[in-house]
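Examining the three-dimensional arrangement
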Amino acid sequence: MALYVKAAEILDKAEKKQGALKTLVYDSKFENIKPLFALVLETQKFSSVLEEIIVSSKLLKQTKMRMNLAKVLVFDLLIGQGLKCGGAWKTMMIKHRARLQSVLARMKVKQKVSKNEDLLRPASSRYVRVNTVKTTVEDAVDYLKRDGFSYLGQASRLEDLTLKEKYFVMDMHLPELLVFPPNTDFHDHFLYKAGHIILQDKASCLPAYLLNPPAGAHIIDACAAPGNKTSHLAAIMKNKGKLFAFDLDAKRLSTMATLLLRSGVTCHQLANQDFLKVDPDSPQFKDVEYVLLDPSCSGSGMVCLRDDASSADQEKVKARLAALACFQLRCLNHGLKFPRLKRLVYSTCSIHSQETRESLVNLLSQWPERGLEPLTQCLRANPAKTRTHGFFVALLEKHNGAGRKKQEPSVQISAQEATPPIPSTRRKRPAASDEESDASETEDKQTPAADQADGTPSRRRRERGEEEEEEEEESGNGGNGGNGGNSGVIEETRWDCYSMMSPVPKVRLSGGLEICRVLNGMWQVSGAHGAVNNPKAVEAMQAYVDAGLTTFDMADIYGPAEDIFGQCKSGNSTPGLQSLTKYVPRPGPMDRKVVLKALQRSMARMHVDSLDCVQFHWWDYRDERYLDALGHLSDLQQEGLIRELSLTNFDTQRLEEITSRGIRISSNQVQYSLIDQRPAARMEQFCVANNILLLTYGTLERYLGKTEPNSRAELYTASLSKYKKMIDSWGGWSLFQDLLVALETVARTHDCSVASVATRYVLDRPAVGGVIVGCRLGVSGAGQHLSDTLRSCSPALKLTEGDLAAIETVTRRSRTPHGAHRGLRG
Ligand SMILES: C[S@@+](CC[C@H](N)C(=O)[O-])C[C@H]1O[C@@H](n2cnc3c(N)ncnc32)[C@H](O)[C@@H]1O
C-alpha cells in the first residue's frame, strides 16, 4: 500500500505545483522509484478518465478516500497491471470493482472506443456526406467556400483529416464525403436544412458504399430506420430502382420517412415489418440482388464486458446479449435466402470482436483497421485508427461454384474458401485415470459430467450511437452480372454465411469426424441442474448452432439429452451437427447383444442411422468386462455403426492396455483444467504419441472476489459442489482467488473474460482436441454462454509467454501442480 499512498501524495503535490512529477518522485526517497514513477505518470495521463469513473461510481463517498489515492488504486485495478497491495485495501477495491468496471465500460460505449487508451483520443472529425440526389460534390464545395470555409482538396493520408478552423478536405476513400474539424456544427446550415448534405460519420457511410448497387437495382435494407444508409443507397443507385426498407419500430420509421423526404429520395418503399418475416420467395422480391443488413446491437452489453463477478443483472444482460447475437445471425441467414442475391453487406457499429461478424470479402485494401485474424478481409473502424466512429463491415458476395464475382471498382472481392461444415456426434465421460486419482474416479462415475462446470459467455456488443442523418449519392456502377440464384447457389452462399459468422476452429478425430474445438456440454439437462423443458432446450440449442458451435456432447445417461439432440437435429436445417454421445453401461455381462441394444437405443433417440462418436465409460477397472464391451464396440465400428470409438475418464494404464489390443481409440474425455492438470502427468504424452485427442471438461466457476461458498444453498448444483471440492484439494480458496486475479489480469489485456482465458489455456495444451463447455438449455435465469465460448476458441485470443508465466506462478503453488510446467506444454 505504501506505493499507492506515496503516489497519491506526489500527485497532490504536483497539483499544488510543488514541483515537476519526476522531481517529486525522485525527492520522495521511496525505495522503489521505477514503479512509483510509472504509476504516477500513467495515473496522470488517465487523470480525467479516472476522475470520471470515481465520481460516477461515488467511490469517494463510499470509501472515504482522497481523490488522488482513489485514482492510483483505480488505475491499477482497471487499467494497469492489477493491484499490488493486499489486505483491507485490496478487499475494499475488489468489492467496488464491478461497479467501477461498469462505469469504464459505459464510457467506452459512449465514446465508441474499445481500448482504454482510446478514451484519451481527440474528438473525431466532422464528416459531411454530400447528398448527390440533390446536388453535386462540386456545387456543395463551392457553396461552402463561399460560406467562408477553405477547401484543401482531396486528402491522401489519415493525417490530412486532422483539421483546424475553417479548413475542409474531401475524404481519401469516399469522394462524396467532406471532412471538417471536430465540432464543426452544421445543424443550422442551409445545406443541411435543405437536405443537400447529411451529417453522417464516415464509418456509417461504408456499408452502402461497399454494397455499391447499380442504378435500377432492387435492394433490401433490412433494418433501415432512421434511414441514413437507405438514403445513401438511394444516392448510389441514382434514385432509380427499388429500395425495400424494413424496420420493426414504427416511430423510427416515421423519422426515416421525414429524412428521406428531405433528402429527395423517391425510389424507396417503407414497411413497418419484421425482416425475419419477410418472405424471400415472394414475387415482389424476385429481383432483389442486394441486401444491406445493419441490425441492432446493444449498448448495455459493454457494461458486462469486464465483469467477471456474477449477479442476477449480469445474467440478464448476458441472456439479452446472447439473444441479440442470435437475432443478428438469423437476420444474416435470412438475408442470404433471397433467390437472386448477389451481394450482402453486414455492418454493426460495434468494434468489439465478440459482437462483430467477421467476414469473407476483402474490402478496401488501403483501409488500416482490418478484422481480426483470420478474417482480415473485413473492415473495422475506430476513432484512433480511422478517425471515425467504431464500426465493422463485412461483404458477402455470391459466387457460382467455381466462378468468382468480378470486382467492384473500389471493393476487392476475395475468394471464399469453402470449408463446408461437417457433421458429427459424441457423448459422455467416466472413470478415473491413474494420474486422475481415485477421488475423481468415484465421483465422476456418479456424476458423469463435471464438464459443464461453468461456461460463461458474455456476448458483448453495444448500441450503435444515434447516427445522424444522411442521404443518398450516386457512385457505383457496381452491379455485376450473375444471374439469379438457384437453390444450389443459395446453399453455397448460406454456407459462406456460417463460415463467416462463426469462425469456430475445428479438429478432426482419427476416424475423420471433424468437431468444434469447443463442444456444447449437455450434462445440464441430465437432471442434476433441475427440471428441463425439452422444447425450450431444443430452441435454446439453435442459438449455439447459429453461432457455429455445432458439436454437442451428451450421454445415454444424461436424462433427455439424446432425445433433445434428436429433436434439434430433426428440426434443424443446418447441415453438420456433430453429436458425441456416451455409452455408460451398468456393470454386468457385456455381450454383443447388450452393447448393440444400447447403441440402437441411442440412435433411435438421436434420430440417426449411425453414431458419430461413442465414448465408452466404465465404472470399475477391477471388472475387466470393459474389454469385452470395447471389443464389441470395435466390431460395430467396423460394421459402420459408429464412426469414432472413444473413451471417457479412462486412465493412461487402461488406454495403453486397450490400444495395445488393436482397438483404435479416437479420444478420451477427462477432467482437465487449471486446477486439475493430472492429464499432463502421463496421459497427454501417451495421447500425442497415439493420435488420441483429449476432450476436456471442468472449466472455472466465476468466483472472483467472492467469499468462499460452503453451504448447500451456495453449492446448489452437482457441478458447483464438485468443483468446490476440486478447489479444496487443489490448494484452497485463497490460492484459487489468487489464480482468478491472475486470470483476470490476463483477461483484461485480451479484452475477454476469465472463463475465456481458462478455456484457452486448456485448449492450448498438447493433445487437447476440444474443451467441453456446458451449455444452458432451457433453464431459467442461466443465460446463454455463447460469447465467451466463441471468444475462448477464437484464433484471435492468444496467450503470451507472459500470460502463461503469470498464471503458472500461481498454479505452481498448488498442492497438485501436475504438469503445470511449461516443459510439458507441447
Ligand atoms: C442499427 S439500427 C439501423 C440503422 C440504419 N440502418 C441507418 O443507417 O440509419 C437497427 C434497426 O433495426 C431495427 N430492427 C430491429 N429488429 C428488427 C427486425 N426484426 N426487423 C426489422 N428491423 C428491425 C431497429 O428498430 C433499428 O431501427
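Calculation criteria
Residues numbered from 1 in each chain as written. Predicted model: local features only at pLDDT ≥ 70, side-chain atom pairs only at ≥ 80, totals over all residues. Helix = DSSP H or I, 4+ residues; strand = E, 2+ residues; numbered from the N terminus. Buried ≥ 20, exposed ≤ 12 C-beta atoms within 10 Å, placed from the backbone. Contact = placed C-beta atoms within 7 Å. Axes fitted to C-alpha atoms, helices over the stretch in contact; angles between N-to-C directions. Left-handed = near helix turned anticlockwise from the far one by under 90°. Nonpolar A, V, L, I, M, F, W, Y, C, P; charged D, E, K, R; others polar. UniProt positions renumbered as here; feature names shortened; annotations may be inferred. Core = buried A, V, L, I, M, F, W, Y, C linked by C-beta atoms within 7 Å. Domains from an automatic or database assignment. Pairing = 2+ DSSP bridges. Right-handed = clockwise from strand over helix to strand, strands pointing away. Expected span 1.5 Å × (residues − 1). Arc of directions from axis to C-beta. Near = placed C-beta within 6 Å.

Assigned secondary structure in the chain consists of 27 helices and 23 strands. Taken across its 826 residues, the chain has 53% of its residues classed as buried. Look at the contacts in the chain between residues 6 or more apart in sequence, and 77% of them connect residues 24 or more apart.

Let us look at the packing of helix α10 (residues 202-211) against helix α11 (residues 228-236). Two elements in contact, α10 and α11, have axes whose closest approach is 9 Å; the angle formed by their N-to-C orientations is 35°. Note that α10 runs across α11; the crossing there is right-handed. Note on element contacts: α11 touches α10 through N228, K229, H232, L233 and I236, opposite S204, C205, P207, A208 and L211. When the residues that make up the contact of α10 with α11 are grouped by side-chain class, the tally is six nonpolar, three polar and one charged.

Bringing the UniProt feature "binding site: S-adenosyl-L-methionine" (unreviewed entry) in the chain into the picture now. According to UniProt, the feature "binding site: S-adenosyl-L-methionine" (unreviewed entry) maps to C223, A224, A225, P226, G227, N228, K229, D247, D274 and D294 in the numbering used here. Relative to the elements of secondary structure, C223 occurs in the loop between β6 (218-221) and α11. Once residues within four sequence positions are removed from consideration, C223 is found in contact with F246, D247, F275, L293, D294, P295 and S296. By the secondary structure assignment, D274 is in the loop between β8 (268-271) and β9 (288-293).

What follows is about the nonpolar core. Nonpolar side chains in soluble globular proteins generally cluster together in the buried interior. Judged by nonpolar contacts, the single largest core of 168 residues is most densely connected at V291, L293 and L743. Split by domain, the residues of this core number at least three in each of domain 2 (121-201) and domain 3 (437-824). Core analysis: the next-biggest nonpolar cluster, separate from the first, contains 33 residues, L50, I54, L73 and L104 among them.

Take the pairing of strand β19 (residues 611-616) next. The buried fraction of β19 amounts to six of the six residues, a majority that puts the element mostly inside the structure. Looking at chain direction, strand β18 (residues 578-583) and β19 are connected through four bridges and run parallel. In the strand pairing of β19, T581 is matched with V614. Of the crossover connections in this fold, the one passing from β18 over helix α19 (residues 592-606) to the parallel β19 is right-handed.

For the rest of this paragraph, the subject is helix α20 (residues 625-638). With 14 residues, α20 ought to run about 20 Å at 1.5 Å a step, and its terminal C-alpha atoms sit 20 Å apart, in line with that. Taken as a whole, α20 has its buried residues at Y626, A629, L630, L633 and Q637. Down the axis of α20, the buried set is contained in an arc of 95°. They therefore lie on one face. Buried-residue contacts for α20 involve α19, β19, β20 (642-648) and α21 (652-660). One or two positions beyond α20, positive phi appears at G640, with a value near 95°.

This brings us to the site of the ligand. Around the ligand, 20 residues are found, and the nearest of them are C223, N228, K229, D249 and F275. For the shell around the ligand, a count of residues per class yields nine nonpolar, three polar and eight charged.

What follows covers the environment of L645. Residue placement: L645 occurs in strand β20. By C-beta crowding, L645 is classed as buried, having 26 other C-beta atoms within 10 Å. In this structure, the C-alpha to C-alpha distance between L645 and S634, residues eleven residues apart in sequence, is 7.1 Å. Not counting residues within four places of it along the chain, the set of residues in contact with L645 comprises V614, L633, S634, Q637, R664, I665 and S666.

The next thing to look at is α19. For α19, with 15 residues, the first-to-last C-alpha span of 21 Å sits near the 21 Å given by 1.5 Å per residue. Looking only at α19, the buried set comprises V595, L599, S602 and M606. The buried residues of α19 all sit within an arc of 60° when viewed along its axis, so they share a single face. In α19, the exposed positions that point more than 90 degrees away from the buried face belong to K593, K597, Q600 and A604. Immediately downstream of α19, the backbone of H607 shows phi near 60°, a positive value.

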